[in-house]
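Coordinate inspection notes
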Amino acid sequence: QVQLVESGGGLVQAGGSLRLSCAASGRIFSNNAMGWYRQAPGKQRDLVATITSGGSTNYADSVKGRFTISRDNAKNTVYLQMNSLELEDTAAYYCKYSQLRAGKLDYVYWGQGTQVTVSS
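Residues numbered from 1 in each chain as written. Predicted model: local features only at pLDDT ≥ 70, side-chain atom pairs only at ≥ 80, totals over all residues. Heavy atoms only, no water.

We now examine the state of the cysteines. Should the sulfur atoms of two cysteines be covalently bonded, the bond is a disulfide. Taken as a whole and assessed by the stated rule, the structure comprises one disulfide. Here C22 pairs with C95 through a disulfide, and the sulfurs are 2.1 Å apart. Taking the torsion about the S-S bond as the criterion, the C22 to C95 disulfide, at about -85 degrees, is left-handed. Of this pair, C22 sits in strand β3 (residues 18-26) while C95 sits in strand β9 (residues 91-101); the two residues are 73 residues apart in sequence, bridging distant segments of the chain. The burial state of C22 is the same as that of C95; both residues are buried. (Disulfide = S-S within 2.5 Å. Helix = DSSP H or I, 4+ residues; strand = E, 2+ residues; numbered from the N terminus. Buried < 20%, exposed > 50% of the residue type's maximum accessible area, 1.4 Å probe, protein only.)

Structure representation (structure tokens):
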């Protein structure tokens, strides 16, 4: 199993910043990807940003230029720096760990989520 501990959510005014963290432990091996997804009430869970163990990143168009994903491989921790937050960024944010093996997806674990609320 993989345990994911998320932190950093909260209430912030529009235009403000927050930093999310997600620490992974357990069955952690090289060649993996970690990322953040978000889900607003009544909507599907969508990709925010991902980063591989090699450092390759991918962002949703809606957050490009405002959010930055990074990771500390020594700590098995991924971060999401969120700047210029907008009301539409309000959602529960979920950390995802994906283990790859021989180029294929082996297993996936999700965190329990952390709420981000942006107020006007």
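There's more to say after this.
With that settled, consider the pattern of salt bridges. Applying the stated criterion across every chain yields a total of five salt bridges. For R38, the salt bridge is made with D89, and the minimal N-O distance between the two is 2.9 Å. Taken together, the positions of R38 in strand β4 (residues 32-39) and D89 in the loop between β8 (77-82) and β9 put the pair 51 residues apart, joining distant regions of the chain. Of the residues examined, D89 reaches a relative accessible area of 1% and is grouped as buried. For K64, the salt bridge goes to D61, with nearest N and O atoms at 3.1 Å. (Salt bridge = Lys/Arg side-chain N within 4 Å of Asp/Glu carboxyl O.)

Taking strand neighbours across the sheet as the criterion, the four strands line up as β1-β3-β8-β7 in an open arrangement whose pairing is antiparallel. Every other strand in the sheet has two partners, leaving β1 (2-7) and β7 (67-72) as the edge strands with one partner each. On average, each strand axis in the sheet is inclined to that of its neighbour by 15 degrees, with strand direction left out of account. Judged from the six bridges that link them, β1 and β3 form a sheet pairing that is antiparallel. Paired with L4 across the strands is A24, a residue of β3. (Pairing = 2+ DSSP bridges. Axes fitted to C-alpha atoms, helices over the stretch in contact; angles between N-to-C directions.)

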